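Chain and residue survey
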Amino acid sequence: MSEDRVIIYEEVGADPLADVLVIENEHGRTRVRAVPEPGQLAGLVKRLAAEGVDRFELCGGFGAVGHAEARRVLGESVPVGAIYYGFESLTSVADYKARFEAGEVLAEAFLIVHPGADPGSDRVVRHRDEGGRTTLLGVPDLAGAAAAAAAMAGELQLIEVYGGRRPDDAEPVIRAAVEAGVPVGMSAF
């Protein structure tokens, strides 16, 4: 059976009922949704789980509290992962958070591993009114994610990797980003 996965992040002014990006092929469907504020996360995951979504991944901005809330709403019925940062990224992700909260113009990329994804067409760039951007990029595997991280690192202040199953899966991506001085997080369930 094909997987039906939804990735959720926070974006001012977002419509939580609209897909920001959809990657769909014989390997399943991955959709990205955004909520305008964290308080809408619980209702969204509950609604999507009722529609048949069988896996969620949450942006690191929700933190452990948001992760716990989504798991509490869904119980054990649907796996919920969230982006977490390893020790090698703690200093730089804390710097990113401070800069973001100070209103600095920043750019981040969400690298979304989905077998058969085409980085040329499975890509959405969301430009913020105040400047900065979020790039959502579908890649077919973690090698593709590592290549994208290395290629984009010079223009980013943060990378999040969705779709890995274990920390050792994402090691090449983590190394590429950390070597470029960019914090990188990966999904943990």
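In short, a report on the structure. (Residues numbered from 1 in each chain as written. Predicted model: local features only at pLDDT ≥ 70, side-chain atom pairs only at ≥ 80, totals over all residues. Heavy atoms only, no water.)

Before going further, it helps to spend a moment on the overall build of the protein. Scanning the protein from N- to C-terminus turns up five helices and 10 strands. In terms of overall size, the protein behaves like a compact globule, its C-alpha atoms giving a radius of gyration of 15 Å where 189 residues would be expected to give roughly 16 Å. With respect to the three principal axes, the spread of C-alpha positions in the protein is 40 × 35 × 30 Å. Looking at the protein as a whole, 48% of its 189 residues qualify as buried. (Helix = DSSP H or I, 4+ residues; strand = E, 2+ residues; numbered from the N terminus. Rg over C-alpha atoms; globule rule 2.2 N^0.38 Å. Buried < 20%, exposed > 50% of the residue type's maximum accessible area, 1.4 Å probe, protein only.)

Turning to the sheet that holds strand 7 (residues 123-127), a few remarks are in order. Within a sheet, neighbouring strands are paired by backbone hydrogen bonds and run either parallel or antiparallel to one another. The mixed open sheet is built from 10 strands, whose spatial order is 2-3-1-4-5-10-9-6-8-7. For this open sheet the edge positions go to strand 2 (21-25) and strand 7, each flanked by a neighbour on one side alone. Here the average twist between neighbouring strands, direction ignored, is 20°. Direction of pairing for strand 6 (residues 107-113) relative to strand 9 (residues 158-162): parallel, over a ladder of five bridges. Its bridge partner being in strand 9, I112 is matched across the sheet by Y162. (Pairing = 2+ DSSP bridges. Axes fitted to C-alpha atoms, helices over the stretch in contact; angles between N-to-C directions.)

Once that is clear, we can look at the environment of S187. Mapping S187 onto the fold places it in strand 10 (residues 184-188). Residues S187 and E160, 27 residues apart in the sequence, show an inter-C-alpha distance of 8.1 Å. If we ignore the near neighbours within four places in the chain, the residues touching S187 are E57, A82, I83, V161, Y162 and G163. In this structure the side chain of S187 is engaged in a polar contact, spanning 2.4 Å, whose partner is the side chain of E57. (Contact = heavy atoms within 4.5 Å. Polar contact = N/O pair within 3.5 Å; in protein donor to acceptor, adjacent residues only side chain to side chain.)

Attention shifts here to the nonpolar core. Within the largest apolar cluster, 37 residues are counted, with the highest numbers of intra-cluster contacts made by I8, Y9, V32, F56, L58, I112 and L136. Setting aside residues no more than four positions away along its own chain, Y9 makes contact with V20, V32, R33, A34, V35, C59, F62, F110, R126 and L136. (Core = buried A, V, L, I, M, F, W, Y, C linked by side-chain atoms within 4.5 Å.)

Moving on, we come to the side chain of H67. Checked against the element boundaries, H67 lands in helix 2 (residues 63-74). For H67, a relative accessible area of 8% puts it in the buried group. The contact partners of H67, leaving out residues within four places of it in the chain, are L58, V80, G81, A82, Y84 and A188.

The next subject is the pattern of salt bridges. Under the criterion given, the structure shown has 16 salt bridges. Put simply, R29 and D4 hold a salt bridge, and the shortest N to O gap is 2.9 Å. Of this pair, R29 sits in strand 3 (residues 28-35) while D4 sits in strand 1 (residues 3-10); the two residues are 25 residues apart in sequence, bridging distant segments of the chain. The class of R29 is partly exposed, set by a relative accessible area of 26%. A salt bridge links E101 to K97; its shortest N-O distance comes to 2.6 Å. Placement of the pair is E101 and K97 together in helix 3 (residues 90-101), with a separation of four residues, close to one helical turn. (Salt bridge = Lys/Arg side-chain N within 4 Å of Asp/Glu carboxyl O.)

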